[in-house]
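Take a look at the letters that make up each chain.
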Amino acid sequence: MLSSPDHSRGSQPRQEAASPGAPLPPSAAAPRRLRRIHVEITNRCNLSCAFCAIASRPARVMAVESFAALVPALSALADEITLHVLGEPLTHPRLGDILAAAAAATLPVHVVTNGVLLDPERRDLLLRPGVRQISISLQSGMTLPAAALEAYLDRVLAFCDAAEASRPDLYINLRLWLAEGPQAGVDHPVVAARLSRHFGRDLRDLRVDVRRRKNVPLRGRQYLHVDSLFAWPSLALPEIATTGTCHGLSTHCGILADGTVVPCCLDADGVIALGNALTTPLSQILESPQARRLRDGFAAGELVEPLCRRCSFIRRFGRKPRS
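Cut-offs and rules
Residues numbered from 1 in each chain as written. Predicted model: local features only at pLDDT ≥ 70, side-chain atom pairs only at ≥ 80, totals over all residues. Heavy atoms only, no water. Helix = DSSP H or I, 4+ residues; strand = E, 2+ residues; numbered from the N terminus. Buried < 20%, exposed > 50% of the residue type's maximum accessible area, 1.4 Å probe, protein only. Contact = heavy atoms within 4.5 Å. Areas by Shrake-Rupley, 256 points an atom, 1.4 Å probe, with all protein chains shown as cover. Salt bridge = Lys/Arg side-chain N within 4 Å of Asp/Glu carboxyl O.

A few points about the overall build of the protein
Part 1 of the argument: A count of helices and strands for the protein gives seven helices and 14 strands.
Part 2 of the argument: Taking all 323 residues of the protein together, 52% fall into the buried category.
Part 3 of the argument: If you take every contact in the protein between residues at least 6 apart in sequence, the share linking residues at least 24 apart comes to 72%.
Part 4 of the argument: For the protein, the exposed area adds up to about 14,900 Å²; of that, 53% sits on carbon and sulfur atoms.

Looking at the side chain of N114
Part 1 of the argument: Here N114 is to be found in the loop between β5 (109-113) and α3 (120-126).
Part 2 of the argument: Aside from chain neighbours lying at most four places away, what touches N114 is C45, N46, L47, E88, I136, S137, S140 and Y152.

Concerning the pattern of salt bridges
Part 1 of the argument: The final tally for this structure, using the stated rule, is 20 salt bridges.
Part 2 of the argument: Among the salt bridges present, the one from R33 reaches D79, with a minimum N-O distance of 2.9 Å. Here D79 lies in strand β4 (residues 78-83) and R33 lies in the loop between β1 (14-15) and β2 (34-39), a separation of 46 residues in the sequence.
Part 3 of the argument: Judged by its relative accessible area of 37%, D79 is partly exposed.
Part 4 of the argument: A salt bridge links R167 to D169; the nearest nitrogen and oxygen atoms lie 2.9 Å apart.
Part 5 of the argument: Here R167 falls in the buried class, since its relative accessible area comes to 7%.
Part 6 of the argument: One continuous salt-bridge network, built from bridges that share partners, spans E65, R94 and D97.

Shown next, in the form of structure tokens:
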């Protein structure tokens, strides 16, 4: 079986209660449309990968009713939602209802998964028309023993084949974010051989400069997505810089499983808590003085929050090298 200790360390995740009372009042602030909003429907994961942050927050599952209450604001403010901050969305016990609520509002969904739970039932859920994109973190399976890794790849590649047959419009990214420098490839020999054989493209000697491009076409709308490792920001880390920029709050934001709104998907502990979208209109939160100060700081090249000053990911928003 493909298993590993989860971040809850054996505790049962709390089922987030639906928001009581009347619907949230409309906000007077003009909504700021984003490319995507990351929605953490659970922060519980079935793996404990070294490259992922371990949140200090209690394990939690967002109630379908809470998600449904957020959908009108999500649809009004974002082009799509991404089911991920921390946690494995395929562990949500009512994933089908989550996807149905988004589909009812014609809100496109991007699912980020480690792929371990891609059984036939969940595969069928992810092949629903409302799902626009799936990103599978292949590095999640690369520490598995040989037999378990082969079974994992069987499951992932079977999903790719099912998508090619029934949803050729579905974007699939097979992620390998393991490079220790700007040059990335498929360095695991078993993974390289399986992908090469399956997609009919020799990837064993692939080298990609991730500063220039990250996607490698495999077939149709299915891609290998390579990138370098990064350290999750934490207040426990030393300060890196006071100047820089970020796309947080200009192209995206995040909503944690308890409804807390954060400026980006790397705020795993909700350090920069802007408000709670289950009790305050999201548009109001995104136009609050704190959010404006943070966004204006990015626009001016200033990192106003202590967490942002400890984020190495910001370095990726510099200029690309010339060819």
